Amino acid sequence: MIKRLKKEDTILVAIDFQEKLLPAMADAETTEKNVKILIEGANAFGVDKIATTQYAKGLGQTVPGVAEALKDCPIIDKSSFSCWLNDEFRQAVEKAGKKTVVIAGIETHICVEQTALDMVEAGYDVFLAADAANSRNPKNHHIALNRLAAAGVTVTSVESILYDLLGGAKAPEFKTISKLVK
């Protein structure tokens, strides 16, 4: 089945872009740049957003650049690796009433993977922005991408996600999105 993104039925989940985690990732600068583009694009489309931290007391808050892009987005602290197992997160997603979830986050093979698998199992269409997700070890990132694709997650890129939401050059957000991805 072909899956397409529609801005009115999509929610963005930004997983654990934290002060002590993000710098440890392979090519952390590119990952941070890409997630900020994705979030700014979601802002332009009016897409709902939820962010998480994993044990913020020990791993720090969301990095400033990502937090700034998230604006007034709720940031939910969790201890489970899967965001879906956190009651506050699950209730926020359910309250939003969207059936399509775009995920970006770290680490791909842990929190991102477990969240995506649980959300597919719960009946959501899940898209993973592979270039806005990362692991400390690139091999773990790539292994997780393969596992997620095999499980029904649409593994794609930030730019593909934004242009899928856009739909065409006559969309009112076109200039904003084209500036973001240049």
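Each chain carries its own residue numbering, running from 1 in the written order of its sequence. The predicted origin of the model limits local features to residues at a pLDDT of at least 70 and limits the giving and counting of side-chain atom pairs to 80 or more, whereas totals for whole chains, interfaces and linings rest on all residues. Water and hydrogen atoms play no part in the side-chain values, which are based on all heavy atoms of the structure.

J.: Before we go on, may I ask you to explain the overall build of the protein chain in this structure?
T.: Runs of H or I in DSSP of at least four residues are treated as helices and runs of E of at least two as strands, each being numbered from the N terminus. Within the protein chain, the regular secondary structure consists of eight helices and six strands. Along the protein chain, from the amino end to the carboxyl end, the secondary structure elements read β-α-β-α-α-β-α-β-α-β-α-β-α-α. Rg of the C-alpha trace for the protein chain: 15 Å, near the compact-globule value of 16 Å for 182 residues, within the 12% margin. For the protein chain, the spread of C-alpha atoms along the three principal axes comes to 45 × 30 × 30 Å. C-alpha atoms define the radius of gyration in this analysis, and the globule rule sets the expected value at 2.2 Å times the number of residues to the power 0.38.

J.: Would you explain the packing of aromatic side chains in this entry?
T.: For any pair of aromatic rings, the description consists of the separation of the ring centres together with the inter-plane angle of the planes. Working definition: rings of Phe, Tyr and Trp (its six-membered ring) pair if their centres are within 6.5 Å, and the pair is stacked with planes under 30 degrees apart, edge-to-face with planes over 60 apart, and tilted otherwise. Tallying each qualifying case throughout the model produces one aromatic pair. Arranged with centres 5.4 Å apart and planes meeting at 70 degrees, the rings of Trp84 and Tyr124 form a pair that is edge-to-face. Taken together, the residues Trp84 in the loop between strand 3 (75-78) and helix 4 (87-96) and Tyr124 in the loop between helix 5 (108-121) and strand 5 (125-134) connect sequence positions 40 residues apart. Think of it as a cone above the ring: NZ of Lys or CZ of Arg counts as a charge over the ring if it is within 6 Å of the ring centre and within 35 degrees of the ring normal. Taking NZ or CZ as reference, Lys99 lies 4.1 Å from the ring centre of Tyr124, over its face.

J.: What is the right way to look at unusual backbone geometry in this model?
T.: A negative phi holds for most residues other than glycine; trans holds for most peptide bonds. Cis peptide bonds are those with omega within 30 degrees of zero, and the linkage from Ile106 to Glu107 qualifies with -15 degrees. Tracing the backbone shows Glu107 in the loop between strand 4 (100-106) and helix 5. Located in the positive-phi region is Asp16, a residue other than glycine, with phi close to 60 degrees. Relative to the helices and strands, Asp16 is located in the loop between strand 1 (10-15) and helix 1 (28-45). Burial status follows relative accessibility: with a 1.4 Å probe on protein chains alone, a residue under 20% of its type maximum counts as buried, one over 50% as exposed, and anything between as partly exposed. Looking at Asp16, the relative accessible area reads 0%, which means it is buried. Phi is positive for Lys71, which is not a glycine, with a value near 55 degrees. Structurally, Lys71 is set in the loop between helix 3 (64-70) and strand 3.

J.: Honestly, the packing of helix 1 against helix 8 (residues 174-181) in this entry has me stumped. Any pointers?
T.: The description of two packed helices rests on the angle between their axes and on the distance between the axes. Between N-to-C directions, angles span 0 to 180 degrees; the directions come from axes that are lines fitted to C-alpha atoms, helices contributing only their stretch in contact. Relative to each other, helix 1 and helix 8 sit at 175 degrees, their axes nearing to 10 Å. As the angle between them shows, helix 1 and helix 8 are arranged roughly antiparallel. Here Ile37, Glu40, Gly41, Ala44 and Phe45 of helix 1 come into contact with helix 8, specifically with Thr176, Ile177, Leu180 and Val181. Each residue is assigned to one of three groups, with Ala, Val, Leu, Ile, Met, Phe, Trp, Tyr, Cys and Pro labelled nonpolar, Asp, Glu, Lys and Arg labelled charged, and all others, Gly among them, labelled polar. Per-class residue counts for the contact of helix 1 with helix 8 are six nonpolar, two polar and one charged. Any angle from 65 to 115 degrees is called roughly perpendicular, while one under 35 is roughly parallel, one over 145 is roughly antiparallel, and all others are oblique. The criterion used for residue contact is that any of the two residues' heavy atoms lie within 4.5 Å.

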